[in-house]
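What the coordinates show
Below are the chains, spelled out letter by letter.
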Amino acid sequence: MTWTKTTIGLLVVALAGAGWWYQTANSSDTAANNAGAAKAGSQAAGPRGAGGPAGAGPRGPGGPGSMWNAPVPVRVVPVTSGDLKLQFKTIGTAIALNTVVVQSRVSGPLLALKFTEGQKVEAGQLLAEIDPAPYQVKLAQAEGQLQQNLAQLKNAESDLALYGQLKEKNSISRQQYNAQQALVNQLRGSIKSNEAQVAAAKLELSWTQIKAPISGRTGLRKVDVGNLVQANNSDGIVSITQSEPIYVSFAIPEAQLQSLRSAMKQAQDAGAALAVEAWDRADQLLLSRGVLTTLDNQIDVATGTLKLKAEFANQDAALFPNQFVNVRLTIAEKANAITIPQDAVQYSSEGPFVYVIRDNKAEKRPLSLGVADNGRIEVIQGLAANEQVVMEGLDRLRPGREVQVLGAEAASGAASKPGAASSPSAASSPSAAASQGAEAAKRRPQPAQG
């Protein structure tokens, strides 16, 4: 095939036109795609993102409708004014005023028990009976020996009187009279011994009836009827505890001794005693109130603590011997103190602080704190009575943040609302993106017809 100059020129012009068309089509497609993406992003932002920077959706940090800028639901408590106690808190053990193990002082079969387990008994009340027969026999023997010696003494005294008359008439020797007088004195000594034996036999016989030595409450019996009881057995028959009044023994650290002694001196000068409260194991229920009675005479070097003892009337039997209790020793009281719950106080490197609500906004308030009592703490400086401090919702607060004061139910309901704002909008769905791509394809330039 022969190429002429005219044919070659036309071919070059055609190739140049095809290159220009391809470059123009690619530029148009790129511009259309960028415009479609920008439009899709503005639609995904929705009405809540209007006015914000491009690409700022419902979770964007700068949108005015963001959940992070919404008012924080909080619960507040008022600052109150009232009496506050300065207390030492420790643990202690209730100790019975008296504890007695009732033992038998004589041996023998146990005939009867005259008490019920757990019964309250009075001093001198009959508790048990031991078989008295052997001791009755022993008493009878002692009484018989006494009668025998009394008869001999009476005869000897008669002979002595007769010997005295004969002595005055020099009918008998002085030695015979002195021997008779010695016999009389000997019999008198034997009678005293016999009388003591009779008393001992009566005492042992009385011990067969076992009586309560103190008033109190009986425990569980240690022996049943019919068993042979041994004298002075360490287990005994039953124990009796006297718990009205009752003591509580506890200890405080050595570092608190000086404050305690100062408080005791002030109380003694006022004619009073330091108050002590006994609380249950969970430290939730007040069991009884008493007074401090005594301090130990030395500090325990092993623990660095000082033992104390408090007395409680315990007429309602609220305290039980050997019971574990939480002890609160009051050493001072403050009237009209400004207090808040301890849980409302936050701590930072700058010190304790709270959030106060003012004009529906959170205000950070540094505090100077005092003593604490039963979940409340004294505010020496930083708050006034009837101000509102935040108790719940502290994790999202910062100074100047808007708040919404709610109750427990309202706060939980409000916390569930911001989550709805994070649901994807219709503009960001796959179907919407496909429609935007088709529209961009329609705007693409068409190739020139040649």
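Below: a short report on this structure. Just so you know, these numbers come straight off a predicted model, no measurement behind them.

1. Focus: the overall build of the protein
Along its length, the protein carries six helices and 20 strands. By sequence separation, contacts in the protein at least 24 residues apart represent 75% of the contacts at least 6 residues apart. A total accessible area of about 27,300 Å² is found for the protein, and carbon and sulfur atoms account for 53% of it.

2. Structural notes on the nonpolar core
Within the largest apolar cluster, 25 residues are counted, with the highest numbers of intra-cluster contacts made by Phe250, Leu260, Leu292 and Leu329. Within the residue set of this core, elements represented by two or more residues are β2 (80-102), β9 (238-253), α4 (257-269), β10 (275-279), β11 (286-295), β12 (305-312) and β13 (324-341). Sorting elements by how many residues they give to this core places α4 first, with five residues. With residues near it in sequence (within four places) discarded, leucine 260 still touches Phe88, Ile252, Leu274, Leu292, Leu295, Leu308, Leu329 and Ile331. Grouped together as the second largest cluster of nonpolar side chains are 17 residues, Leu110, Ile130, Ala212 and Ile214 included.

3. Section: the layout of surface pockets
Taken as a whole, the largest pocket encloses approximately 340 Å³ of empty space. Lining the largest pocket are 18 residues, with Gly216, Arg217, Thr241, Gln242 and Ser243 positioned closest to its centre. Of all elements in the fold, only β4 (120-121), β7 (216-218) and β9 reach the threshold of two or more residues within the lining of the largest pocket. Of the residues assigned to the lining of the largest pocket, the class counts are five nonpolar, nine polar and four charged.

4. Overview of the packing of aromatic side chains
Applying the stated criterion across every chain, the model contains one aromatic pair. Here the aromatic rings of phenylalanine 353 and tyrosine 355 are separated by 5.8 Å at their centres, their planes lie at 90°, and the arrangement is edge-to-face. For the pair phenylalanine 353 and tyrosine 355, a shared accessibility class is recorded, and that class is buried. Just above the ring of tyrosine 247 sits the side chain of lysine 309; from NZ or CZ to the centre is 5.0 Å. The lysine or arginine in question, lysine 364, covers the ring of phenylalanine 353, its NZ or CZ lying 4.5 Å from the ring centre.

5. Here's the deal with helix α2 (residues 133-168)
When the terminal C-alpha atoms of α2 are compared, their 53 Å separation across 36 residues agrees well with the 52 Å that a helix rising 1.5 Å per residue should span. Within the sequence span of α2, burial applies to Tyr135, Leu139, Ala142, Leu146, Asn149, Leu153, Ala156, Leu160, Tyr163 and Gly164. Check the buried side of α2 and you find it contacts α3 (174-206).

What counts and what doesn't
- Residues numbered from 1 in each chain as written.
- Predicted model: local features only at pLDDT ≥ 70, side-chain atom pairs only at ≥ 80, totals over all residues.
- Heavy atoms only, no water.
- Helix = DSSP H or I, 4+ residues; strand = E, 2+ residues; numbered from the N terminus.
- Contact = heavy atoms within 4.5 Å.
- Areas by Shrake-Rupley, 256 points an atom, 1.4 Å probe, with all protein chains shown as cover.
- Core = buried A, V, L, I, M, F, W, Y, C linked by side-chain atoms within 4.5 Å.
- Buried < 20%, exposed > 50% of the residue type's maximum accessible area, 1.4 Å probe, protein only.
- 1 Å grid on protein atoms, 1.4 Å probe; cavity = no way out; pocket = protein on both sides within 12 Å on 5 of 7 lines; lining within 4 Å.
- Points joined across faces, edges and corners; volume = space filled by probe spheres on them.
- Nonpolar A, V, L, I, M, F, W, Y, C, P; charged D, E, K, R; others polar.
- Phe/Tyr/Trp six-rings, centres within 6.5 Å; stacked < 30°, edge-to-face > 60°.
- Lys NZ or Arg CZ within 6 Å of the ring centre and 35° of its normal.
- Expected span 1.5 Å × (residues − 1).

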